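Residue-level structure breakdown
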Amino acid sequence: MKATAHELMRRMAVIVLVTIGLSSAAAAQEPTFADSRLAEVMAQSLDRSQWDIQREQEAIARARALVDASGRFDSKATARLVVLSGDNTPFLSDQIIERPIWHVVLGDWNLKLKSAPPGAEDLYLRTFDVFVDPQGGQLLKIVSRWPKGVARIPREPGAKSVTQQLRRAGHERYHAFPDEAPRITFLEALDAMTKGGENPLAAKQIVGQYVVWSMMGRKPRPMWVISLRGVPALGASYPGVAVNARDHFRSIVDPQTGKWVCGFSTPQPQTTEEPEIEKPPQ
Amino acid sequence: MGKMKQRHLTRVTSLLLPLFCCDVLLAQGGGDYNGDSYVDLDDFGYWDACMTGPGGGLPDPDCAAFDFDSDVAVDLVDFGGFMAAFTGPSPCTFGRKYARAWKSGNATGCSARIRTRSAALCGEPSEVSDAGSHAWAGVNKFVGGEPEKWAQIGYGRYRLAGATTVYFRRYAEVQAGPNDTTDYVIFHEDGVPTGVHKYKCFLLSSLFGTWNFEYDDTPFFTWTHSGWKNVTGTDCQWAGEIFNKEDQMLGTAAAKCNFTDCQFSLNWGAFQNANIAEGEVTTDDPNEWGIERIGATAFDIWDINP
């Protein structure tokens, strides 16, 4: 019965979204919000007793535990149910959009990383939007808001294009949102990225996800996937490579060991028509 | 170095800087207009174009680098901040240098066994500017004397601007160029075991532009881009490369970086021995970086003054 009701509401949401024309704003790393009333309507029609995260304070506690367990967000966190009409998560965006999810705002803080060099401070005052699945409590996405007054870099393309880029580069894939919680928090994963030469303190925007990930035949495993956007361009002088191809980087961090695993320049902003992936000879 | 659009971690070493700044100031100001981690005369070169006077606004968003008091203007108050933040230029002399061997032709693949060596980077461990020392095998497509496209696989030590962390990496990189952001990809992975390892890259066929990369004969990375569809390179290179003159080339006189089993492929064909001739090995400065041909498929490189 629950599944039927949920599916009905999901279909209604799709109709409403199409009607109000909000689905066109999907081509961005920041999720786009549907009409706020929609979340309320959908949430009221669903049986919250089946949710793992039923109340605002539970959502905040969950987000806090995933991002940073130090408790620094107690006074500034807020939570509400929302419906997203657009999101560019490769492979999994359909699991994020057009259904009620918790939106937790962790506002106005500077990153403090243990691994930062002496004297290094966060360049930006950050507000994070954290999206949590009410039903399983899984983390869906963490996105820091672009700093006010700071010039933007080109946006990432939409989910379809990002998915294609990831498939084309190392047969990368996001399989699912893991049920098991990461052993290390988002903040600890950021710390681990510095072992890969990355500098989260310099990033204008940070986007994090916790997904079951694989590439090049590696066994799918839960991983932190964290993009630093608006960082100093890789290779200060790089003849023939556009600066906007080098001002972002996406890292894979092992949530069990806290080890930086690898990093990619994908996805790149803008898209061009590309061929299908060539299969190696058998 | 051209104007860079990024600002990042500025060295907050000046004792005076805290008098002028706060967290917001660090986000907006800092003085590092060109994003090279130093506040120096290169940055000051952009001051005139940004200085608007009190209430004058910012003619360019990047001018926020000079807006120390976050009043959306660049004026004499900000000049005080700039002077306090002034660090002087980087001790690293940027400019890529090479010691390498090559084979000309319609290259579509390149491979070698390379012995892992460490190398100190400019200003390590406190320096925060770009630095790197790598060894790689790769294919280049030169147009008008400049590399328009390339694909390479290798290893090295690396430091990204704004951070002090230096790390070993294996990497694969392709430029399918020349202009769009989607023409470029780099993938890198942590850790390089010691010893000798095989690095190989090759275009799968002429049909799709799919580069395959292998590490010790195991798939490492792959990338497909139409920029390499039915396109060959103009040479295969096996190279040691440093970013700054002060970065150490991999290898020393006592422990050279060995390239062995150098092979390449032409026109999507089978790999063949390189048959490197004496005239096909070169170093950008024989007084700084040594190179010695060992045989038809092998050579050594090293830093003469590590």
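Below you will find a few notes about this structure. (Residues numbered from 1 in each chain as written. Chains lettered and ligands numbered in written order. Predicted model: local features only at pLDDT ≥ 70, side-chain atom pairs only at ≥ 80, totals over all residues.)

Observations regarding the overall build of chain B
When helices and strands are tallied, chain B shows five helices and 15 strands. The C-alpha extent of chain B, read off along each of the three principal axes, is 70 × 45 × 30 Å. Counting the 306 residues in chain B, one finds 55% classified as buried. For chain B, contacts bridging at least 24 residues in sequence account for 64% of all contacts bridging at least 6. (Helix = DSSP H or I, 4+ residues; strand = E, 2+ residues; numbered from the N terminus. Buried ≥ 20, exposed ≤ 12 C-beta atoms within 10 Å, placed from the backbone. Contact = placed C-beta atoms within 7 Å.)

Some thoughts on the overall build of chain A
For chain A, the count of helices and strands is five helices and 10 strands. Classification of the 282 residues of chain A by burial places 53% in the buried group. Expressed as a percentage of contacts within chain A between residues at least 6 apart in sequence, the contacts between residues at least 24 apart total 71%.

Quick look at the pairing of strand β7 (residues 205–214) of chain A
Residues and elements named next belong to chain A. Burial analysis of β7 places eight of its 10 residues in the buried class, the great majority of the element. Note that strand β5 (residues 139–144) and β7 share two bridges and pair antiparallel. Directly across from I142, in β7, lies its bridge partner G208. Inspection of the sheet shows β7 paired to strand β8 (residues 221–229) by nine bridges, in the antiparallel sense. Directly across from Q205, in β8, lies its bridge partner R229. Counting the residues between successive antiparallel strands, the hairpin from β7 to β8 contains six residues, one of them, M216, with a positive phi of roughly 45 degrees. (Pairing = 2+ DSSP bridges.)

Some words on the nonpolar core
A:V104, A:V132, A:V253 and B:C201 are the most contacted members of the largest nonpolar core, which totals 135 residues. Sort the elements by how many residues they give to this core and helix α5 (residues 186–193) of chain A lands first, with six residues. Ignoring anything within four residues of it in the chain, the contact list for A:V253 reads A:A189, A:A192, A:M193, A:M223, A:W224, A:I226, A:W260 and A:V261. The next biggest cluster of nonpolar side chains, apart from the first, holds 13 residues, and it includes B:F66, B:F68, B:V74 and B:A85. (Core = buried A, V, L, I, M, F, W, Y, C linked by C-beta atoms within 7 Å.)

Quick word on unusual backbone geometry
Look at the link from A:T266 to A:P267: it is a cis peptide, with omega at -5 degrees. By secondary structure assignment, the location of A:P267 is in the segment after β10 (260–264). Residues B:E124 and B:P125 are joined by a peptide bond in cis, for which omega reads 10 degrees. Checked against the element boundaries, B:P125 lands in the loop between β2 (107–115) and β3 (131–143). Located in the positive-phi region is B:N267, a residue other than glycine, with phi close to 50 degrees. Within the fold, B:N267 resides in the loop between β11 (257–266) and β12 (272–273).

A few points about the environment of B:F213
Tracing the sequence through the fold places B:F213 in strand β8 (residues 210–215). Taking C-alpha positions, B:F213 is 30 Å from B:E246, a pair spaced 33 residues apart along the chain.

Description of helix α3 (residues 56–67) of chain A
Here α3(A) contains 12 residues, and its C-alpha end-to-end distance of 16 Å stays within 8% of the 16 Å for a straight helix at 1.5 Å per residue. Among all positions in α3(A), only A:A59, A:I60, A:R62, A:A63, A:R64, A:L66 and A:V67 are buried. (Expected span 1.5 Å × (residues − 1).)

A look at the pairing of β10(A)
Looking along a regular strand, one sees side chains alternate from face to face of the sheet. Of all five residues in β10(A), five are buried, a share of seventy percent or more. Pairing of strand β9 (residues 248–253) of chain A with β10(A) involves four bridges; the strand directions are antiparallel. In the strand pairing of β10(A), A:S251 is matched with A:G263. Between the end of β9(A) and the start of β10(A), which pair antiparallel, lie six residues, with A:G258 showing a positive phi angle near 75 degrees. Here β10(A) pairs with strand β6 (residues 184–190) of chain B via three bridges, running antiparallel. Opposite A:G263, over in β6(B), you have B:H188 as the bridge partner.

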